[in-house]
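Notes for the structure review
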Amino acid sequence: MPDPGKIEGPKLDALFESLITEKTILSMYVAGTDFQRLTCIIGAERTPEGNRLLVDCPEGFTQATAKTETLDIRFNFNGKDQLEYLFSTSSGTLSGSTLKVPFPDYVERLQRRKNFRIDTLPGTRLYFSTGKLEGQIDLINISLGGAFGMLSKLNQENPTGSVFKVNQRLYKIRIVFPSDKLMEQKTVFVKKAEVRRIERDRERKRYKYALEFMNIDKENHQELTKAIYHIQRQFLQNR
């Protein structure tokens, strides 16, 4: 009986085709180093020596692996089912900005959920509406599954305490990513989110909120994926 926790054979080819088409974000880690970055698979090629994945090589890879005798690269990502997937390769060749690695024998699917969280660029804001309450949250970090930030504007004066409660739902959410040289201003819409965590910033006397996205359509999910990947590229270029 096939192992439900392993994806192999024809299903493996289909999985990688999907990752390429949808530009799915992957976390890439080189064993034996502290090198860990976000990236994506940009293609695949079939050669007499075997099938290879073409990975957009993050900046700093060459320096991080210069003294590594055996190249052991591990990848993990979130699937459409929001479960975590892992695979690894033991070799690879660099061609320009493309890292070519052999197809793994299988991809492991874990029965747990995980989202990659990344610090946002200055000016990234989330606008919300719930009942008569409307406001703005300056985002600190974001993932495909949620966001964290500080409440900065509200259509009420001098509220006492937190304006939200844990598990409270927010609707009509609009996330605005600022423009830069490589990307125009991008807006992502989330139909519903819930408050998962509340923190009080005593120094600024404001509250920070962690939100989980509960309802986002496919188109906006793809736009959010593109925005997160763009943020990572910007951070790498500015290092």
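Residues numbered from 1 in each chain as written. Predicted model: local features only at pLDDT ≥ 70, side-chain atom pairs only at ≥ 80, totals over all residues. Heavy atoms only, no water.

1. Brief notes about the overall build of the protein chain
Basically, it comes down to this: Labels follow the DSSP assignment, with helices taken as runs of H or I lasting at least four residues and strands as runs of E lasting at least two, numbered in each case from the N terminus. Any pair of residues with heavy atoms lying within 4.5 Å of one another is described as a contacting pair. What sets the accessible areas is the Shrake-Rupley method with a 1.4 Å probe; for residues, cover comes only from the shown protein chains.
Helix and strand content of the protein chain: three helices and 17 strands. Based on the C-alpha atoms only, the size of the protein chain along its principal axes is roughly 70 × 45 × 30 Å. At a minimum sequence separation of 6, the contacts of the protein chain that also span at least 24 residues come to 57%. Accessible surface for the protein chain amounts to roughly 14000 Å². Of this, 45% is attributable to carbon and sulfur atoms.

2. Structural notes on the environment of Ala14
By the element assignment, Ala14 lies in helix α1 (residues 10–22). Expressed as a C-alpha distance, the spacing of Ala14 and Ser88, which sit 74 residues apart in the sequence, is 18 Å.

3. Brief notes about the sheet that holds strand β5 (residues 50–56)
What counts here: Paired strands, in this sense, are two strands between which DSSP finds at least two bridges. Only C-alpha atoms enter the line fits that serve as axes; for helices the fit covers just the stretch in contact. Angles between N-to-C directions range over 0 to 180 degrees.
The four strands lie next to each other as β4-β5-β9-β8, forming an open sheet whose pairing is antiparallel. Only two strands of the sheet have a single neighbouring strand rather than two, namely β4 (41–47) and β8 (93–95). Strand-to-strand twist of the sheet, defined as the mean angle between neighbouring strand axes without regard to direction, takes the value 30°. Across three bridges, β8 lies against strand β9 (residues 98–102) in antiparallel orientation. Paired with Leu94 across the two strands is Leu99, which belongs to β9.

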